[in-house]
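A look at the structure
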Amino acid sequence: MNNEKLKNEIKAKIAISKFYEEDMAMKNNKNYFVKIAVSVCACLILTSGIVFAKDIENIIRKIFKNTSPAIERAVDQGYIQNIENDFVYDKDIGIKVDNIVLDDLNLNVSIKFENKNKNKNIATIRFNKFIVSTDTGEIIYDSNQQYVTDIKNVYTATYINWKEQSEKLEDNIFADSILFTLGEHSKEKKKLIFKIQSLDITYNDNTKEELYGEWNFNLKITEKMRKNQTIKYVLQEENEYIESCTGTLSATGLKIELVLKEELDLGKFYEENEDKVHSHMLFYYMDNNEFIEPVMVSGTGTTYTMPFDNISSTNEIPNTIEIYADPFESSIHLIREF
């Protein structure tokens, strides 16, 4: 493999864990898909809206269009809250939230739109300007502040997985969903507050409109959903390469956070070791000698985050976790913290 091709693959696989560095590069894309360092982990949640196994395929395909194997497994276990609320209308457009999956680190929201003006032949509807906050004053996401250079003091979402188009269910009914990954500063919440200020509408003749209005609603989070469980892991023993390493295992994922003692030059490492590494992801969850790749490796220098969206606490909860590191040709062992 030549160096140019290798660099391109590295660039595609390794994310930089600063929101603005990738977000600023997407300023010209109105229907943005925010790509930032993601921690696809969540906590064990018990909800009042139980979904039976025969309904799971419909839930995954028709409600949450931006899911993962771990989230699917969580939903399969009944970890979903059904929202009983009516459409909120303005400018002949109704909006309602149907379902949520929520924990300390993830918020997945399924949304429906209704067009009451059948003279308007709408092809797709999406949020444009909107704010998601909580009863504690936490701003989960504010689309008006998406290009700030430091999001820590603005809102707590660090990643948004959002399709570019809603799905047309009927002539006047549309479905959409948004997956927010919440940062470490997110707090316990009892209510979600949505303030939608404008919508992106595309008509059947491909003309577009930004429709301004006011669609506001509050969603009460069930107590069982708020009382979630997170399993923490810490470094089992000193490591000559690792300053610290922690793991978070939950119903919808596993997140590994790693701090190295010395900076790691990823590009140089790959150029010198392309014939030795298992893949371009550097670090792997070990499961019976199987190398499981993370969704991505995000970070620079000495600090890295690795989310695994196919590892879940809904299966057996291990007392130890093994992470294999290609750069050191050795494993990092984490032990469960009780």
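The rules we used
Residues numbered from 1 in each chain as written. Predicted model: local features only at pLDDT ≥ 70, side-chain atom pairs only at ≥ 80, totals over all residues. Heavy atoms only, no water. Buried < 20%, exposed > 50% of the residue type's maximum accessible area, 1.4 Å probe, protein only. Helix = DSSP H or I, 4+ residues; strand = E, 2+ residues; numbered from the N terminus. Arc of directions from axis to C-beta. Core = buried A, V, L, I, M, F, W, Y, C linked by side-chain atoms within 4.5 Å. Contact = heavy atoms within 4.5 Å. Salt bridge = Lys/Arg side-chain N within 4 Å of Asp/Glu carboxyl O. Polar contact = N/O pair within 3.5 Å; in protein donor to acceptor, adjacent residues only side chain to side chain. Pairing = 2+ DSSP bridges. pLDDT = per-residue confidence, 0-100.

Focus on helix α4 (residues 69-76)
For α4, the set of buried residues is A70, I71, A74 and V75. End-on view of α4: buried residues confined to an arc of 140°, all on one side of the axis. Count one or two residues on from α4 and you reach G78, which has phi positive near 95°.

Remarks on the nonpolar core
Grouped together as the largest cluster of nonpolar side chains are 37 residues, with contacts concentrated most on I95, F127, F180 and L199. Looking at this core, the element that brings in the most residues is strand β12 (residues 191-203), giving 6 residues. Apart from the residues within four sequence positions on either side, I95 is in contact with D86, F87, V88, I111, K112, F113, F127, I196, L199, W215 and F217. Membership of the second largest hydrophobic core comes to 34 residues, among which are L254, I256, F283 and M286.

What to know about the pattern of salt bridges
Overall, the coordinates contain 5 salt bridges when judged by the stated rule. The closest approach of N and O atoms between D98 and K96, which form a salt bridge, is 2.6 Å. In this structure D98 comes out as buried when scored by relative accessible area, which is 15%. For K129, the salt bridge is made with E210, and the minimal N-O distance between the two is 2.7 Å. One end of the pair, K129, is in the loop between β6 (122-127) and β7 (130-134); the other, E210, is in strand β13 (residues 208-220), with 81 residues separating them in the sequence.

Focus on the side chain of N106
The topology assignment puts N106 in strand β5 (residues 106-115). With relative accessibility at 2%, the residue N106 sits in the buried group.

Examining helix α6 (residues 266-273)
Since the α-helix packs 3.6 residues into each turn, any two residues three or four apart lie on the same face. By the burial criterion, the buried members of α6 are L266, F269, Y270 and N273. Down the axis of α6, the buried set is contained in an arc of 95°. They therefore lie on one face. Its side-chain oxygen at 3.1 Å from the backbone nitrogen of K268, D265 defines the N-terminal cap of α6.

Here's the deal with the pairing of β12
Of all 13 residues making up β12, 10 are buried, and the element is well covered by its neighbours. Strand direction decides the pairing type here: β6 and β12, joined by 5 bridges, are antiparallel. Across the sheet, residue R126 finds its bridge partner in β12, namely D200. As defined by bridge partners, β7 adjoins β12 across 5 bridges and the pair is classed as antiparallel.

A word on the confidence of the model for the chain
Mean pLDDT over the chain: 79, with 79% of residues reaching 70 or higher. Element-level mean pLDDT values for the chain span from 33 in helix α2 (residues 19-23) up to 97 in strand β3 (residues 88-90). In the model, residues 5-54 has pLDDT below 50 throughout and makes 150 contacts with residues more than four positions away in sequence or in other chains.

Digging into the environment of E214
Note that E214 resides in strand β13. Here the alpha-carbon distance between E214 and F130, two residues 84 residues apart in the chain, equals 9.9 Å. Discounting residues that sit within four places of it in the chain, E214 has contacts with D90 and I196. Within the local environment of E214, its side chain forms a polar contact with the side chain of N216, the two groups lying 3.4 Å apart.

Quick look at the side chain of D326
Within the secondary structure, D326 sits in the loop between β21 (320-325) and β22 (330-337). Here Y284 takes part through its side chain, which lies 2.5 Å from a polar atom of the side chain of D326. Among all residues touching D326, those that are not within four sequence positions of it are F269, V277, H278, S279, L282 and Y284.

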